[in-house]
Amino acid sequence: MSEAYAAEGGAHGAEGGLPNPMHQFEIKRLIDFELFGVDASFTNSALFMVIAACVITLFTVYAMRRRALVPSRMQSVAELSYEFVANMVRDNVGTDGMKYFPFVFTLFMFVLALNMLGMLPYSFTVTSHIIVTFALAAFVFLGVTLIGFFKHGVKFLKFFVPSGVPVVMLPLLVVIEVISYLTRPLSLSVRLFANMMAGHTMLKVFGAFVVALGVLGGIAPLAFMVAFTGLEILVAFLQAYVFAILTCIYLNDALHMHH
Amino acid sequence: MDPSAAKLIGAGLASIALVGAGIGIGTIFGNYLQGALRNPSAAPGQFANLLLGFALAEATGLFGLVVALIILFVF
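Remember, it's a predicted structure, so these values are computed and weren't measured experimentally.

**Student:** Would you explain the overall build of chain B in this entry?
**Tutor:** A count of helices and strands for chain B gives three helices and zero strands. Shown N-terminal to C-terminal, the secondary structure of chain B runs as helices and strands in the order α-α-α. Relative to its length of 75 residues, chain B is extended, with a C-alpha radius of gyration of 18 Å against a globular reference of 11 Å. Reported as C-alpha extents along the three principal axes, the dimensions of chain B are approximately 60 × 15 × 5 Å. Residue burial in chain B is summarised as follows: out of 75 residues, 12% are buried. Counted over contacts in chain B with a minimum sequence separation of 6, partners at least 24 positions apart contribute 89%.

Here it is, written out as structure tokens:
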């Protein structure tokens, strides 16, 4: 989508008007590469995923290298993020869900790092492409469903039958439950993608207004832009949090089947 | 009517979904504040639920945005 759109006008609109807000989402091939006839080029999206993975790994390894009883500043940040996710898993899934903690922690830190890297000027927001978020969400969905079936066997299908409902209503309600279960990966991925894309588009459009207003007229709007950037950083954190907490809630549904 | 004009009108109509998101977010934060002022000691425990409700309400509005984008750029 962004590629086709960017090809129409490039960084600046076709008539040389305001900058094209969609240009920032353009995927660029950095190293051309083809694997068995499939285009597997190393793109700017892949580059930022590699950077995110490296940043997280370096941060955690570097911060925890001393393992002091009285933590240094770096170590306490690492411990804070560990405790944050560990509490999230413990509160929402329970202690028997702690064996899935490494997965939730990785997911949270990866999405958070991608969102935060996207807030740097001239960088690329990987999570603003639905294929990336959908791949993450589909992995969560398939994994959670498989866990449910492995743990409960065929009884997991009872998850779709609400209890305490008249038998007459059941055929309708089961269909609704199945549909709502199947829309989970969709809503999980679209929430993250739409938030990131809408936020970055809004920043770009408003930023162009500030530039168009000039030095004198643009001072107050520039202050608003700073506030908006702060809001976007909040959203970047919040969406990573929501992604992780919904993963926990889905895990809890699969493990304990409360209904 | 010119098909491209209809497309733009459709995209604009799709963004009406934001009305619902606005009402939802307002309700969530308003009710949270109301509850938090009545019982401030219980408020921090519900902060996670507040953020969750906010994100869920916001997502429904953003689905409308996605529909608008699909209308604009896919068809």
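Picking up where we left off.
**Student:** Just to check I follow, could you spell out the overall build of chain A for this structure?
**Tutor:** Each helix and strand counted, chain A has eight helices and four strands in total. Each of the three principal axes of chain A carries a C-alpha extent, and together these read 65 × 55 × 50 Å. Counting the 259 residues in chain A, one finds 24% classified as buried. When contacts within chain A are restricted to residue pairs at least 6 apart in sequence, long-range pairs at least 24 apart make up 59% of them.

**Student:** Whenever I open this one, the nonpolar core confuses me. Can you help?
**Tutor:** Considering soluble globular proteins, one finds that nonpolar side chains tend to be buried as a cluster. If you look at the biggest cluster of nonpolar residues, it comprises 50 residues, and the most contacted ones within it are Phe-108, Ala-240, Phe-243, Ala-244 and Cys-248 of chain A. For Phe-108 of chain A, the contacting residues outside a window of four places in its chain are Val-85, Ala-240 and Ala-244 of chain A.

**Student:** I keep staring at the interface of chain B and chain A and nothing clicks. Help me out?
**Tutor:** How big an interface is tends to be reported as the loss of accessible area on association of its parts. Listed by partner, the interface residues are 10 residues for chain B and 12 residues for chain A. Of the residues that constitute the side of chain B that touches chain A, the class distribution is 10 nonpolar, no polar and no charged.

**Student:** What am I meant to see in helix 5 (residues 130–152) of chain A here?
**Tutor:** Because each turn of an α-helix spans 3.6 residues, side chains separated by three or four positions in sequence point in the same direction. All names here are of chain A. Counted at 1.5 Å a residue, the expected span for helix 5 with its 23 residues is 33 Å, and the 32 Å between its end C-alpha atoms agrees. Within helix 5 the residues assigned to the buried category are Val-132, Thr-133, Leu-136, Ala-137, Val-140, Phe-141, Val-144 and Gly-148. Buried residues along helix 5 sit against helix 7 (184–217) and helix 8 (219–256). Of the residues flanking the end of helix 5, it is Gly-153, one or two places downstream, whose phi is positive at about 65 degrees.

**Student:** In this structure, what is going on with the packing of helix 8 of chain A against helix 3 (residues 47–73) of chain B? I would like to understand it.
**Tutor:** The relative placement of two packed helices comes down to the angle between their axes together with the axis-to-axis distance. Relative to each other, helix 8 of chain A and helix 3 of chain B sit at 100 degrees, their axes nearing to 10 Å. Relative to helix 3 of chain B, the element helix 8 of chain A is oriented roughly perpendicular. On the side of helix 8 of chain A, the interface is formed by Leu-238, Tyr-241, Val-242 and Ile-245 of chain A, while helix 3 of chain B contributes Ala-48, Leu-51, Leu-52 and Ala-55 of chain B. In the contact of helix 8 of chain A with helix 3 of chain B, the residues fall into eight nonpolar, no polar and no charged.

**Student:** Any chance you could explain the environment of Phe-193 of chain A here in plain terms?
**Tutor:** All names here are of chain A. Tracing the sequence through the fold places Phe-193 in helix 7. Judged by local crowding, Phe-193 falls into the buried class, with 23 C-beta atoms found within 10 Å. Note: C-alpha distance between Phe-193 and Val-126 (67 residues apart in sequence) is 9.2 Å.

**Student:** What is the right way to read the confidence of the model for chain A from this model?
**Tutor:** Low pLDDT marks regions whose predicted coordinates should not be analysed in detail. Counting all residues, the mean pLDDT for chain A is 85, and 93% of those residues have values of 70 or more. Here helix 1 (residues 2–9) of chain A stands out as the element of chain A with the lowest mean pLDDT, 42, in contrast to helix 4 (residues 101–118) of chain A, whose mean of 93 is the highest.

**Student:** Honestly, the environment of Leu-8 of chain B in this entry has me stumped. Any pointers?
**Tutor:** Note that Leu-8 of chain B resides in helix 1 (residues 3–14). Taking the C-alpha atoms as reference, Leu-8 of chain B lies 8.8 Å from Ala-68 of chain B; in sequence the two are 60 residues apart.

**Student:** I would appreciate a short explanation of unusual backbone geometry in the present structure.
**Tutor:** Glycine aside, negative phi is the norm for most residues, and most peptide bonds take the trans geometry. Residues and elements named next belong to chain A. Here the phi dihedral of Tyr-122 falls at roughly 65 degrees; this positive angle occurs in a residue that is not glycine. Relative to the assigned elements, Tyr-122 resides in the loop between helix 4 and helix 5. Judged by the 5 C-beta atoms lying within 10 Å of it, Tyr-122 is exposed.

**Student:** I keep staring at the packing of helix 3 (residues 73–92) of chain A against helix 8 of chain A and nothing clicks. Help me out?
**Tutor:** All names here are of chain A. Remark: helix 3 packs on helix 8, axes separated minimally by 9 Å, with the N-to-C direction vectors making an angle of 30 degrees. Relative to helix 8, the element helix 3 is oriented roughly parallel. You can see that helix 3 and helix 8 cross each other, and the crossing is right-handed. Residues Val-85, Met-88, Val-89 and Asn-92 of helix 3 touch helix 8, and the partners they reach there are Ala-244, Ile-245, Cys-248, Ile-249 and Asn-252. For the contact of helix 3 with helix 8, the per-class residue count stands at seven nonpolar, two polar and no charged.

**Student:** How should I be thinking about the confidence of the model for chain B in this particular structure?
**Tutor:** Residues and elements named next belong to chain B. Per-residue confidence for chain B gives a mean pLDDT of 86; residues scoring 70 or more make up 100%. Looking across chain B, the model is least confident in helix 3, with a mean pLDDT of 80, and most confident in helix 2 (residues 17–38), with 92. As a predicted assembly, this complex carries a pTM of 0.83 together with an ipTM value of 0.71.

Parameters and conventions
- Residues numbered from 1 in each chain as written.
- Chains lettered and ligands numbered in written order.
- Predicted model: local features only at pLDDT ≥ 70, side-chain atom pairs only at ≥ 80, totals over all residues.
- Helix = DSSP H or I, 4+ residues; strand = E, 2+ residues; numbered from the N terminus.
- Rg over C-alpha atoms; globule rule 2.2 N^0.38 Å.
- Buried ≥ 20, exposed ≤ 12 C-beta atoms within 10 Å, placed from the backbone.
- Contact = placed C-beta atoms within 7 Å.
- Core = buried A, V, L, I, M, F, W, Y, C linked by C-beta atoms within 7 Å.
- Nonpolar A, V, L, I, M, F, W, Y, C, P; charged D, E, K, R; others polar.
- Expected span 1.5 Å × (residues − 1).
- Axes fitted to C-alpha atoms, helices over the stretch in contact; angles between N-to-C directions.
- Parallel < 35°, antiparallel > 145°, perpendicular 65-115°, else oblique.
- pLDDT = per-residue confidence, 0-100.
- Left-handed = near helix turned anticlockwise from the far one by under 90°.

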